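# Descriptive structure summary
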Amino acid sequence: MGHTRWLDDEEQRTWRAFLAAQRLVSDKVERRLQSGAGMPQAYYEILVRLSEAPERTLRMSALADCALSSRSRVSHAVARMEEAGWVERRSCPTDRRGQLARLTDRGFEVLAAAAPDHVESVREAVFDGLTPAQQAGLREACEAVVAHLSGSGQWPVTGDSGPDGPDPAQAS
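Reference entry: report on the structure contained in this document. (Residues numbered from 1 in each chain as written. Predicted model: local features only at pLDDT ≥ 70, side-chain atom pairs only at ≥ 80, totals over all residues. Heavy atoms only, no water.)

### Describing the overall build of the protein
A tally of regular secondary structure across the protein gives 6 helices and 5 strands. Ordered by position from N to C terminus, the α and β elements of the protein give α-α-β-α-α-β-β-α-α-β-β. Excluding contacts between residues fewer than 6 apart, the proportion of contacts in the protein whose partners are at least 24 apart in sequence is 59%. Surface exposure of the protein reaches about 11,600 Å², of which carbon and sulfur atoms provide 53%. (Helix = DSSP H or I, 4+ residues; strand = E, 2+ residues; numbered from the N terminus. Contact = heavy atoms within 4.5 Å. Areas by Shrake-Rupley, 256 points an atom, 1.4 Å probe, with all protein chains shown as cover.)

### Brief notes about a negative patch on the surface
The grouping of Asp8, Asp9, Glu10 and Glu11 at the surface amounts to a negative patch. Structurally, Asp8 is set in the segment before helix 1 (9–37). (Patch = residues over 30% accessible without salt bridge, like charges linked within 9 Å, V, L, I, M, F, W, Y side chains within 5 Å. Salt bridge = Lys/Arg side-chain N within 4 Å of Asp/Glu carboxyl O. Lys, Arg positive; Asp, Glu negative; His and termini not counted. Charge placed at Lys NZ, Arg CZ, Asp CG, Glu CD.)

### Quick look at the packing of aromatic side chains
Enumeration over the complete set of coordinates arrives at 1 aromatic pair. Stacked on the ring of Phe108, the Lys or Arg Arg56 has its end atom at 4.7 Å from the ring centre. (Phe/Tyr/Trp six-rings, centres within 6.5 Å; stacked < 30°, edge-to-face > 60°. Lys NZ or Arg CZ within 6 Å of the ring centre and 35° of its normal.)

### Quick look at a nonpolar patch on the surface
A cluster of nonpolar side chains, contributed by Leu7, Trp15 and Phe18, occupies part of the molecular surface with about 320 Å² of accessible area. Take Leu7: it is sitting in the segment before helix 1.

### Overview of the packing of helix 2 (residues 41–52) against helix 4 (residues 71–83)
Look at helix 2 against helix 4: their axes get within 10 Å of each other, and the N-to-C directions meet at 85°. In this view, helix 2 runs roughly perpendicular relative to helix 4, as classed from their interaxial angle. For the pair formed by helix 2 and helix 4, the contact residues are Tyr43, Ile46 and Leu47 on the first element and Val74, Ala77, Val78, Arg80 and Met81 on the second. (Axes fitted to C-alpha atoms, helices over the stretch in contact; angles between N-to-C directions. Parallel < 35°, antiparallel > 145°, perpendicular 65-115°, else oblique.)

### Structural notes on the sheet that holds strand 2 (residues 87–92)
Here we have 3 strands laid out as an open sheet, ordered 1-3-2, and antiparallel in their pairing. A single partner strand is all that each edge strand has here, and the edge strands are strand 1 (57–59) and strand 2. When the angles between neighbouring strand axes are averaged without regard to direction, this sheet yields 30°. Bridge count for strand 1 against strand 3 (residues 95–103) is 3 bridges, and the pairing is antiparallel. Bridge pairing in strand 3 places Arg59 opposite Leu100. Docked against the sheet, helix 2 engages strand 1, strand 2 and strand 3, running at close to 100° with respect to strand 3. (Pairing = 2+ DSSP bridges.)

So this is what it looks like as structure tokens:
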């Protein structure tokens, strides 16, 4: 086993501040979304990703990737949202093993109704407590962590892909 690279005092302080901030923000946003819209943050994220996709449709595997979630978790969430009439699933026409998820008009209405309060909760939890310079620093730090951990340097963006996922011709 190699040498342990212990955190120094400043790194420990940064790590603990990051954990506390992440947990407090997530908890506040989750509670507000649950009480206001009656849905968990994971469902909201799926609805947003579908709303941003071409034809409001994504392959289930691409949806899991862009939501940074497991395929089984997304499949379960989509099944629940299907029951509510927010999402519909259908077979992928280009791959019989694949499935597509499509945001229904009802799902879009639910998302549109939930969005203003959700955005306000995010603003209150994060942006109202930061100066513009701190916001830029937070974004830069988060983008650096994403680049380090994902290897791509980008948060998955659904707007760059069709229902079957990214266009292989455009992949770098």
